[in-house]
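What the coordinates show
Each chain, written out:
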Amino acid sequence: MIDLDELMRRNVKFAASGSFEGLTIRATGNLRVIGCVDSRVDPSHVLGLGLGEATVIRNVGGRVAPSTIRTLEMLAKVSKANSGGLPPGDSHVVVLHHTECGIVQLSDYPEMLAQYFEVATTDLNAKAVSDPYESVRVDVDAIKKFLAPEVFVTGLVYDVTSGLVQVVVPPSRED
Ligand SMILES: [Zn+2]
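Residues numbered from 1 in each chain as written. Predicted model: local features only at pLDDT ≥ 70, side-chain atom pairs only at ≥ 80, totals over all residues. Heavy atoms only, no water.

**A closer look at the coordination of the zinc ion**
The zinc ion binds to the protein through Cys36 (SG), His98 (NE2) and Cys101 (SG); the donor distances cover 2.0 to 2.3 Å. Here the donor residues of the zinc ion share one chain and are spaced in sequence as C-x61-H-x2-C. Placement of the pair is Cys36 in strand β1 (residues 31-36) and His98 in strand β3 (residues 92-98), with a sequence separation of 62 residues. The burial state of Cys36 is the same as that of His98; both residues are buried. (Donors = N, O, S within 2.8 Å, 3.2 Å for Na, K, Ca; no water. Helix = DSSP H or I, 4+ residues; strand = E, 2+ residues; numbered from the N terminus. Buried < 20%, exposed > 50% of the residue type's maximum accessible area, 1.4 Å probe, protein only.)

Structure (structure tokens):
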């Protein structure tokens, strides 16, 4: 395992880099990413995001579950408290799903998944848990209902074998 000494060594190196200096609570890239907790698919690595550029929400599957919406609502309040609302310029939300996602294995636990999505087990099919290319479409549609119409929303699938992301839902917005 990576022990505390190792973590402290790495942190000292990070602090010495100074890459955190001058950053504020507002992400400079006007970007929010929803992605999976899988250690292989950290959006900052996969999409080359720098510290302070994007707000990243990670959960099992990178899914737009009710808990994700509640997190976004809380972030909107934080954003408003710090800047009076959305920052100037275009704003972008990316839903990032991936191949070989562990959430597929949870199809053996429909009650657990139903609780996660806060739906009846009979409605789980609509969540497309077994197919990231389909689930990312489902989640882009789901999240658009909760975002301001001027926000761009994109759906991507990351292939853990090739290292490449595929655009499944190109950036679009409601207005
Ligand atoms: Zn995953």
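**Considerations on helix α4 (residues 110-117)**
Along α4, the residues that are buried comprise Leu113, Ala114 and Phe117. Taken around the axis of α4, the buried residues stretch over an arc of 100°, which confines them to a single face. More than 90 degrees from the buried face of α4, the exposed residues found are Glu111 and Gln115. Buried residues belonging to α4 abut α3 (66-83). Just downstream of α4, Glu118 is the residue with a positive phi angle, here 55°. (Arc of directions from axis to C-beta. Contact = heavy atoms within 4.5 Å.)

**Some words on unusual backbone geometry**
Here the phi dihedral of Glu100 falls at roughly 55°; this positive angle occurs in a residue that is not glycine. Within the secondary structure, Glu100 sits in the loop between β3 and α4.

**Things to note about the packing of aromatic side chains**
Aromatic ring pairs are described here by two measures, namely the spacing of the ring centres and the angle between the planes. Taken as a whole and judged by the stated rule, the model has 2 aromatic pairs. Measuring from ring centre to ring centre gives 5.7 Å for Phe14 and Phe20, while their planes differ by 40°; the resulting arrangement is tilted. Overall, Phe14 belongs to the partly exposed group, its relative accessible area being 36%. A relative accessible area of 37% places Phe20 in the partly exposed class. (Phe/Tyr/Trp six-rings, centres within 6.5 Å; stacked < 30°, edge-to-face > 60°.)

**A closer look at the pairing of β3**
Within β3, 6 of the 7 residues are buried, which leaves the element mostly enclosed by the surrounding structure. Two elements, β1 and β3, share 5 bridges in a ladder whose sense is parallel. Counterpart to Ile34 in the pairing with β3 is Val95. Pairing geometry for β3 and strand β4 (residues 152-158), over 7 bridges, is parallel. When the bridges of β4 are listed, His97 appears paired with Val157. (Pairing = 2+ DSSP bridges.)

These figures come from the coordinates and say nothing about function on their own.
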